[in-house]
Amino acid sequence: MPSPPWNTLVIHRPVRLGPVSEDLLGRRAEGETLERLLTRARSGAGQVLVLRGEAGIGKTALLDRVSERAAGFRVARAAGVEAESAFAYAALHQLCLPFLDRLGKLPGPQEEALATAFGLAAGPRPTRFMVGLAVLTLLADVADEQPLVCLVDDAQWLDTMSSAVLAFVARRLLAERIALVFVLRDGNDYLDGLPELQVRGLDDADARALLDSVVKGPVDNRVRDRIVAEARGNPLALLELPRAWTAAELADGLDAVPLTSRIEQGFVRQVAPLPADTRLLLLTAAAEPLGDATLLWRAAGLLGLGADPAAAAEETGLIEFGARVRFRHPLVRSAVYRSAAVADRLAVHRALAEVTDPAVDPDRRAWHRAQGTTSPDEEVAADLEHSAGRAQARGGLLAAAAFLEQAAVLTPEPGLRARRELAAARAKRDAGALDAALRLLSAVEAGPSDERRSAEVEHLRGHIAFDQRHVAQAAPLLFSAAARLTPFDPGLARETHLEAVSAAIWAAEPAQIASHTAPPPHVPPSATDLVLDALTSRVTLGYAASVPAMTRALDAVRSVRVGAEDVSRLPWLLGHRAGGMLASELWDFETRRAFAQRQVRLARDAGALVQLQFALNFLADNELLAGEPAAAQALIEEDLRISEVTGTRPVGYAVLLQAALRGEDTGAAIGREARAAGQGRLATITDWASALLHNGQGRHDLARDAALRVFAEDSPVYGCLATAELAEAASRTGDAALVAQALARSASWVDTDWSLGIKARLRALNGDASGFPESIAHLERTALRGELARAHLLHGEWLRREGHRVEARDHLRTAHEMLVAAGMPAFAERANRELLATGETVRKRTVETTDELTAQEYQIARLAGEGYSNPEIGTRLFLSPRTVEWHLRKVFGKLGVTSRRQLRDAAF
């Protein structure tokens, strides 16, 4: 008997859109996973889960199941909406809205950051880190009273800032009574790496059972088989295919059409026969992403729609009208919107713009106006530019760029259009979207000719080339931009020339510096002027001649006031490209480390992720030199996390030093690649790291050769650092002349405890044994634990060779303990071998548990030992106080202490 056409069958329409039933068909395993998640969260172990799967696979039904089963929990929900993805913090605001009456309980900086981000108050631009900490603290405060489950649907459409903040929170839910569940199809890099459950299709038996539950009437088995095969276990497809496609169409096969498109086309078929007024009302609801019923009815009134279309629309089961307007599935919204006539879409957006209060929600009004415009309109473009300013003030750099980009499209005047495109490119660069910024710069260059704007484009291209580590390309771009900017902005031109000098240093191309004349300085000279003159002098005239200029410049950088608005200046003024380079050249470790700490803080405050990556590496480098390997590891891991989020490469400079100190040979291949790519300074760093590595391993001939390459170049910073490595290696290979050359080079160094400690070491290696204890005495007055440990090692080795075994043991034992703590196992093994040669058996370290502390536990232990409270530690490390307390309990157990006072005295 032939099967009847589908339109003769009775299809039960699930009009009710509330929680699903307890017995969710075919989802027992997923349900058990979610039950465990709630149980663990209830007991105080924060939980995170990402439910990932195709559209219609049942992810939202599972989310509803969590809400239904969350007995004793407070439930907060939010959902990404495609049209909302341009609005910074839109989804986060949804989630936090029920708790905003608690804002006053947050610490002052957190309250200010969150209020500013949500547009509730005016304040300094908040960083995603501070907003993230504020949200974490807010949710933790709620969970202290009652366990909390946060459910985020359609996370593929979250705006960038909401994604970043919620991912930040998710990675810090350790000791809170909070469960955070995301649902997404794909495409949210911020959530990558979080615990994940792949939601797959139903098996055939469950698929048939679901189909039978909604299709009533006689159905031929062959037709049922065809539906099950076409749906591929997708519950929404099982429900919708019979409604939209005839048996004949299904029999012909729809395999060429993706399943999601098939479902969406099915919704279009259901909408098409409806009256025009009903379709227009559905379109208005689809274009209004908030689901605001009041706004919808006001817009409907402007469009001349009454109550009848609403009744007809609700009768379809595709939409539900209440306090909020809800579509049966997000694919219904997209089907309605995409299938509508262009003229209808324009009319709907114009109506929604008209009824949106410009005082309450100017950004959404501007967005609707833009969507309702097909031709350039300066008034609309200006509104979007103002929205960009507000987004930027709230920390939404990518949102600001999106508004500016759209404003440029609608700008009638070509010059103003190019200016807005350039502003969008700058915002994208600061947010880490480097390739997108370059694409916008190509659009700017296609605009009308303008010499200043062209110079600014070249300047930004130079910045991006440096950010992408294309330093050989960056230097000529920046030198050219500096010369072209001189007639328009001499101060910016000098700063750009400084950037070019730094790029040339990093490309190891000093000839470029000598061949370009800097623009005239300010009168009196600014910090930028002094730094530029100092670095130029250092490269072209050498170390000794440039010491006075470097000293003046370093004093100026110490006193300069740099705010978050000066984010593009951070790497040049404070980082290892300018101010940090000068501090290193002048052997001022305290200033070097302080610059790095300040650079990290300001880059975080500005939300400038690429610049933050460089700052983190500079600070990690300092922490490694200070013998703080756990602190350095935490910074290196943060660089990696940012890289995963932005798609940029990890900076990775600190990893070279870390590997060398650990005795791991990773630098050779990197050095070869760096030379091939024109990254001369990176090649120099790898040579210095190689010398350090091989000295630790006792392979002094290889250490000598690597250090000699750097020594011969006299590269800023590394020329000084490699001098000590060369002397140590050459003293073991019998190259006395090289030791003497190293000592002679040190004569011009300025005197600080760091440099005096190294000079004394060089004298000792050159035959003056009094230099060994003198080196120790100077280095004891610095924070350079690694150098101090090596000073003890060298002294102990000399004493052992001279036959003073007892005295040698004291120094070698001290060296061994310090080197292990500093994360320098190869050097520690050298000390171990020397101790064995004195007849002593090396005891294991009494504080073995230090190795068990994670990087984060180490930081918390150190701060707690320094007297910081849990909330203060949480603020510094972006953790909740409860999580800090949880970590401290683990630290106490590992170190065998029971109080903070004991922690201060513990060796770790």
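Conventions and cut-offs
- In this numbering scheme, every chain counts its residues from 1 along its sequence in written order.
- Side-chain atom pairs in this predicted model are given and counted only at pLDDT of 80 or more, local residue features only at pLDDT of at least 70, and totals for whole chains, interfaces and linings cover all residues.
- Processing note: side-chain calculations cover all non-hydrogen atoms of the structure and skip hydrogens and water entirely.
- Every helix listed is a DSSP run of H or I at least four residues long, and every strand listed is a run of E at least two residues long, numbered separately from the N terminus.
- Only C-alpha atoms enter the radius of gyration; for comparison, a globular chain is expected to reach 2.2 Å times N to the power 0.38, where N is the number of residues.
- A 1.4 Å probe rolled over the protein chains alone gives each residue an accessible area, and that area as a share of the maximum for its type sets the label: buried under 20%, exposed over 50%, partly exposed in between.
- In this description, contact between two residues means that some pair of their heavy atoms is separated by no more than 4.5 Å.
- Note on definitions: angles span 0 to 180 degrees between N-to-C directions of axes, and those axes are lines fitted to C-alpha atoms, for helices only across the stretch in contact.
- Each angle gets one of four labels, with under 35 degrees taken as roughly parallel, over 145 as roughly antiparallel, 65 to 115 as roughly perpendicular, and the rest as oblique.
- For any pair of crossing helices, the crossing counts as left-handed if the nearer helix is rotated counterclockwise from the farther one by less than a right angle, and right-handed if it is rotated clockwise.
- Residues are sorted three ways: Asp, Glu, Lys and Arg are charged, Ala, Val, Leu, Ile, Met, Phe, Trp, Tyr, Cys and Pro are nonpolar, and all the rest, Gly among them, are polar.
- Pairing between two strands requires that DSSP report at least two bridges joining them.
- Each C-beta atom gives one direction from the helix axis, and the arc is the one those directions make.
- Any pair of nitrogen or oxygen atoms within 3.5 Å is treated as a polar contact; in protein, a donor-acceptor pairing is required on top of that, and neighbouring residues in sequence qualify only through side-chain atoms on both sides.
- Definition used for salt bridges: Asp or Glu carboxyl oxygen within 4 Å of a side-chain nitrogen of Lys or Arg.
- Disulfides are defined in this document as cysteine sulfur pairs within 2.5 Å.
- For Phe, Tyr and Trp, where Trp contributes only its six-membered ring, two rings pair if their centres lie within 6.5 Å, and the inter-plane angle classes them as stacked under 30 degrees, edge-to-face over 60, or tilted in between.
- Along the chain, pLDDT gives the predictor's confidence residue by residue, from 0 to 100.

Chemist: If you had to explain the overall build of the protein to someone new, which residues and values would you point to?
Modeler: A count of helical and extended segments in the protein gives 47 helices and nine strands. Relative to the globule expectation of 29 Å for 908 residues, the C-alpha radius of gyration of the protein, 33 Å, shows essentially globular dimensions. Residues classed as buried in the protein amount to 58% of the 908 residues present. In the protein, once contacts between residues fewer than 6 apart in sequence are set aside, the share between residues at least 24 apart is 69%.

Chemist: How would you sum up the packing of helix H35 (residues 680-697) against helix H43 (residues 825-837)? Please name residues and give values.
Modeler: Two numbers describe how H35 lies on H43: the axes approach to 7 Å, and their chain directions differ by 25 degrees. Taken together, the axes of H35 and H43 are roughly parallel relative to one another. Judged by the sense of rotation from one axis to the other, the crossing of H35 with H43 is left-handed. Listed contacts from H43 to Leu 692, Asn 695, Gly 696 and Gln 697 of H35 are Ala 826, Phe 827, Arg 830 and Arg 833. Its residues assigned to classes, the contact of H35 with H43 comprises three nonpolar, three polar and two charged.

Chemist: For the sheet that holds strand S4 (residues 148-153), give the residues involved together with the corresponding values.
Modeler: The parallel open sheet is built from five strands, whose spatial order is S3-S4-S5-S2-S6. Two strands bound the open sheet, and with one partner strand each, they are strand S3 (74-79) and strand S6 (196-198). Each neighbouring strand pair of the sheet contributes to a mean axis angle of 15 degrees, computed without reference to strand direction. Judged from the three bridges that link them, strand S2 (residues 47-52) and S6 form a sheet pairing that is parallel. Across the sheet, Leu 51 pairs through a bridge with Leu 197, a residue of S6. Packing of helix H1 (residues 28-42) onto the sheet brings it into contact with S2, S4, strand S5 (178-184) and S6, and relative to S2 it is tilted by some 160 degrees.

Chemist: Break down the packing of helix H33 (residues 653-662) against H35 for me, with residues and values.
Modeler: Helix packing geometry: the angle between the two helix axes and the distance between the axes. In the contact formed by H33 and H35, the axes pass within 8 Å of each other and the chain directions differ by 15 degrees. The angle between H33 and H35 places the two elements in the roughly parallel class. For the element pair H33 and H35, the recorded crossing hand is right-handed. Together, Tyr 653, Leu 656, Leu 657, Ala 660 and Leu 661 of H33 and Leu 682, Ile 685, Thr 686, Trp 688, Ala 689, Leu 692 and Leu 693 of H35 make up the contact between the two elements. Residue composition of the contact of H33 with H35, by class: 11 nonpolar, one polar and no charged.

Chemist: Any chance you could break down helix H13 (residues 293-302) for me, citing the residues and the numbers?
Modeler: All of the buried residues along H13 are Ala 293, Leu 295, Leu 296, Ala 299 and Ala 300. Each buried residue of H13 sits inside an arc of 160 degrees when the element is viewed along its axis, so together they form one side. Summarising the geometry of H13, the exposed residues directed more than 90 degrees from the buried face are Thr 294 and Leu 302. For H13, the elements touching its buried residues are helix H12 (276-287) and helix H16 (342-355). A side-chain oxygen of the first residue of H13 lies 3.0 Å from the backbone nitrogen of Thr 294; this N-cap is Asp 292. Positive backbone phi, at 80 degrees, marks Gly 304, one or two positions downstream of H13.

Chemist: Explain the environment of Asp 529 to me, and be specific about the residues and the numbers.
Modeler: Tracing the chain through its elements places Asp 529 in helix H26 (residues 527-541). The class of Asp 529 is buried, set by a relative accessible area of 0%. Beyond its immediate sequence surroundings of up to four residues, Asp 529 is in contact with Arg 494, Pro 521 and His 522. Within the local environment of Asp 529, its side chain forms a polar contact with the side chain of His 522, the two groups lying 2.9 Å apart.

Chemist: Mind laying out the environment of Ala 632, listing which residues take part and the relevant values?
Modeler: Along the chain, Ala 632 turns up in helix H32 (residues 629-646). When the C-alpha atoms of Ala 632 and Ala 620 are compared, they prove to be 4.4 Å apart, with 12 residues separating the residues in sequence. Setting aside chain neighbours within four positions, we find Ala 632 in contact with Ala 620, Glu 623 and Leu 624.

Chemist: I'd like a rundown of the pattern of salt bridges, residues and numbers included.
Modeler: Scanning the entire structure with this criterion turns up 59 salt bridges. Its salt-bridge partner being Glu 145, residue Arg 102 comes within 2.8 Å of it at the nearest N-O pair. You can see Arg 102 sitting in the loop between helix H3 (90-96) and helix H4 (108-117) and its partner Glu 145 sitting in helix H5 (residues 128-145), a full 43 residues away along the chain. Looking at Glu 145, the relative accessible area reads 55%, which means it is exposed.

Chemist: If you had to explain unusual backbone geometry to someone new, which residues and values would you point to?
Modeler: Following Val 523, the chain continues into Pro 524 via a peptide bond in cis, with omega recorded as -5 degrees. Take Pro 524: it is sitting in the loop between helix H25 (510-514) and H26. The backbone phi angle of Tyr 89 is positive, close to 70 degrees, even though this residue is not glycine. Mapped onto the elements, Tyr 89 comes out in the loop between S3 and H3. Look at Tyr 89 and you get buried, because its relative accessible area is 1%.

Chemist: Outline the state of the cysteines, listing residues and values.
Modeler: A full pass over the atoms with the stated rule returns zero disulfides. With no disulfide partner, Cys 96 has as its closest neighbouring cysteine sulfur the one in Cys 150, 7.8 Å distant. A relative accessible area of 0% places Cys 96 in the buried class.

Chemist: Lay out the packing of aromatic side chains with the relevant residues and their values.
Modeler: Scanning the entire structure with this criterion turns up 10 aromatic pairs. Plain terms: the ring middles of Trp 587 and Trp 754 are 4.9 Å apart, the flat faces sit at 80 degrees to each other, and that makes the pair edge-to-face. In this pair, Trp 587 is assigned in the loop between helix H29 (579-585) and helix H30 (589-606) and Trp 754 in helix H39 (residues 753-765), connecting sequence segments 167 residues apart. In this structure, Trp 587 and Trp 754 share a single accessibility class: buried. Centre to centre, the rings of Phe 589 and Trp 754 are 5.9 Å apart; their planes meet at 85 degrees, and the pair counts as edge-to-face. Within this pair, whereas Phe 589 is found in helix H30, its partner Trp 754 is found in helix H39, the two being separated by 165 residues in sequence. Note on Phe 589: relative accessible area 1%, which makes it buried. For Trp 754, a relative accessible area of 4% puts it in the buried group.

Chemist: Report on the side chain of Arg 369, specifying residues and quantitative values.
Modeler: Residue position: Arg 369 is located in helix H17 (residues 362-371). Beyond its immediate stretch of four places on either side in the chain, Arg 369 contacts Ala 353, Glu 379, Val 380 and Asp 383.

Chemist: Tell me about the confidence of the model for the protein, residues and numbers included.
Modeler: Looking at the protein, pLDDT values average 87 and 91% of them are 70 or higher. Across residues 1-22 the pLDDT falls below 50, and counting only partners more than four positions away or on other chains, this stretch makes 53 contacts in the model. Predicted confidence is poor over residues 845-850, with pLDDT under 50, and the contacts of this stretch with residues over four places away or in other chains come to 10 contacts.

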